[in-house]
Amino acid sequence: MFINHKKDNMLRKVVLIYVLLAGTLVYGQKFDGLALTPPMGWNSWNKFGCDVSEKLIKEIADAIVSSGMKDAGYEYVVIDDCWQVDRDENGNIVPDPERFPNGMKHVVDYVHSLGLKFGIYSDAGTKTCQGRPGSRGYEFQDARTYAAWGVDYVKYDWCHTSTQNAKASYTLMRDAIHKAGRPIVFSICEWGLSKPWTWAKDVGHLWRTTDDIMDCWDCVDERNNAGFTVLLDRVVGLESYSGPGHWNDPDMLEVGNSGLTVSESRAHFSLWCILASPLMAGNDLRDMTAETKEILMNKEAIAVDQDSLGKTGVKVRDDGDLEVWVKQLADGSRGVVLFNRGLTSEKMTVKWTEMGYPPYLKALVRDLWQHKDMGKFKDEYSAEVPSHDAVMLRVTPL
Ligand code: GLA
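Calculation criteria
- Residue positions are given per chain, counted from 1 along the sequence in the order it is written.
- Side-chain atom pairs in this predicted model are given and counted only at pLDDT of 80 or more, local residue features only at pLDDT of at least 70, and totals for whole chains, interfaces and linings cover all residues.
- Hydrogens and waters are ignored; side-chain quantities use all the structure's heavy atoms.
- In DSSP terms, a helix is any run of H or I states spanning at least four residues, a strand is any run of E spanning at least two, and both are numbered starting from the N terminus.
- Each residue's exposure class comes from its accessible area (1.4 Å probe, protein chains only) as a fraction of the maximum for that residue type: buried when under 20%, exposed when over 50%, partly exposed otherwise.
- Residues count as neighbours in contact if any of their non-hydrogen atoms are within 4.5 Å of one another.
- Using the Shrake-Rupley algorithm and a 1.4 Å probe, accessible areas are obtained, with residue cover drawn only from the displayed protein chains.
- We call a residue near a molecule or strand when any one of its heavy atoms sits within 4 Å of it.
- N or O atoms within 3.5 Å of each other form a polar contact, as long as, within protein, one can give a hydrogen and the other can take it, and as long as residues adjacent in sequence are counted only when both atoms are side-chain atoms.
- Asp, Glu, Lys and Arg are counted as charged, while Ala, Val, Leu, Ile, Met, Phe, Trp, Tyr, Cys and Pro are counted as nonpolar; the rest, among them Gly, fall into the polar class.
- Whenever a pair of cysteine sulfur atoms sits within 2.5 Å, that pair is classed as a disulfide.
- For a helix, the expected span equals 1.5 Å multiplied by the number of residues minus one.

Asker: Help me understand the overall build of the protein in this model?
Answerer: In terms of regular secondary structure, the protein is built from eleven helices and 18 strands. If you line up the protein on its principal axes, its C-alpha atoms span 85 × 60 × 40 Å. Looking at the protein as a whole, 55% of its 398 residues qualify as buried. Within the protein, counting contacts between residues at least 6 apart in sequence, those at least 24 apart form 69% of the total. As displayed, the protein offers around 17,100 Å² of accessible surface, 53% of which is attributable to carbon and sulfur atoms.

Below you can see the structure in the form of structure tokens.
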């Protein structure tokens, strides 16, 4: 038979391109349109570590609603490490039967019944950081399980990954999630090791920039986990990588835990909002002081974090212990944080030129912790900032 090799090759090429394209459409993407503003919610790790259970998650979900956190925008209830104990004979992941006696779907349904969303945790390696079964080799099966349970958010850690390549491993899980067919926010947690900001925009919706946050002002442990001021220094320069649908994640909040004073917690929250950081509360929401509630539910600060433009704030001045941070907002106004790391109260100033405004521009200055308009100003604005505290402002041109 006469074979037209040219035609045959052409046909092969066309088929190959078609298969690749179809593959890209089916697998090669993350769920778009999710996390257009930084995700907000609660995660069990900072406060509870491995002490997670159906009872805890239900009580926390109740507290998100009754405390007003839900109204303030907190949406995802995320169970971190230790919910899983094994795989069954078919390879399906098994939740701890003592701590989750009714299985995971039951917990997810409960969270959903309150109008909240549910998140879960796994790991790209063979085991999670606490030695529970990881997802390596089970990516598609686990993603299917999560989708069947109704999971809305997956945090995917990086322990026990040996020589695995981060981009390939996270892309594999992204594809598995996409194939499973349920829109799920994909939270990459490899601590910034392979600079995920350079490759993860189309892989996940947020990526940890840095090691774990610790419940302190500026401590650092032997693994480089650190207090929020240290993490803040480490994310300088990454601003432009973050935006709607793909966020830098300097880690969860420590507001309401025992290691920070009220003023330090206020500074931590102000700065996380200026950074357009995901706002994942990490405290016991069933038992919050009035100060903790006031900080976590400051809707004016949250509005700066959640601004639709999705810009990350920039440190525009660094005078040693005194820093000025500015975030451009969708309506042309600016979020500003005056941050005092020093041991004495200081008068601090932000100049209009540091916000990209001409000096003659008349602007309204609102103090977002006092919830008060401070007046109309030109050229600059000054405020007294107590030690280890922050003043947060919104400056709106008139
Ligand atoms: C890693 C992550 C943390 C937390 C723990 C759980 O350290 O970075 O956020 O998930 O694992 O073991």
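That shown, we press on.
Asker: How should helix α6 (residues 139-149) be read in this particular structure?
Answerer: Residues spaced three or four apart along an α-helix face the same direction, because each turn holds 3.6 residues. Counting buried positions over the eleven residues of α6 gives eight, a clear majority of the element. Of the positions making up α6, those classed as buried are E139, Q141, D142, A143, T145, Y146, A147 and W149. Two residues or fewer past α6, G150 is found with a positive phi of approximately 95°.

Asker: Can you walk me through the site of the ligand in this structure?
Answerer: If you check the shell around the ligand, you find W45, D80, D81, Y121, C129, Q130, K155, D157, C189, W191, R208 and D212 and nothing else. Between the ligand and D81 there is a distance of 2.8 Å, counted from an oxygen atom to a side-chain nitrogen or oxygen. Residue W191 places a side-chain N or O atom 2.9 Å away from an oxygen atom belonging to the ligand. Surface burial for the ligand is 95%, taken as the share of its 310 Å² of free accessible area covered by protein chains. Its residues assigned to classes, the shell around the ligand comprises five nonpolar, one polar and six charged.

Asker: Is there a simple way to explain the state of the cysteines in this structure?
Answerer: Here a disulfide denotes one covalent bond, and it connects the sulfur atoms of two cysteines. Enumeration over the complete set of coordinates arrives at three disulfides. Each sulfur of the disulfide joining C50 and C82 lies 1.8 Å from the other. One end of the pair, C50, is in the loop between α2 (45-48) and α3 (54-66); the other, C82, is in the loop between β2 (76-78) and β3 (84-87), with 32 residues separating them in the sequence. By relative accessible area, which is 1% here, C82 ends up buried. Paired by a disulfide, C216 and C219 hold their sulfur atoms 1.8 Å apart.

Asker: How should helix α7 (residues 166-180) be read in this particular structure?
Answerer: With 15 residues, α7 should cover 21 Å at 1.5 Å per step; its first-to-last C-alpha distance of 21 Å lies within 8% of that length. Of the positions making up α7, those classed as buried are A166, S169, Y170, T171, M173, R174, D175, A176, I177 and H178. Among the residues of α7, the N-terminal cap falls to N165, whose side-chain oxygen and the backbone nitrogen of K167 are separated by 3.1 Å. Of the residues one or two after α7, G181 is the one with positive phi, at around 90°.

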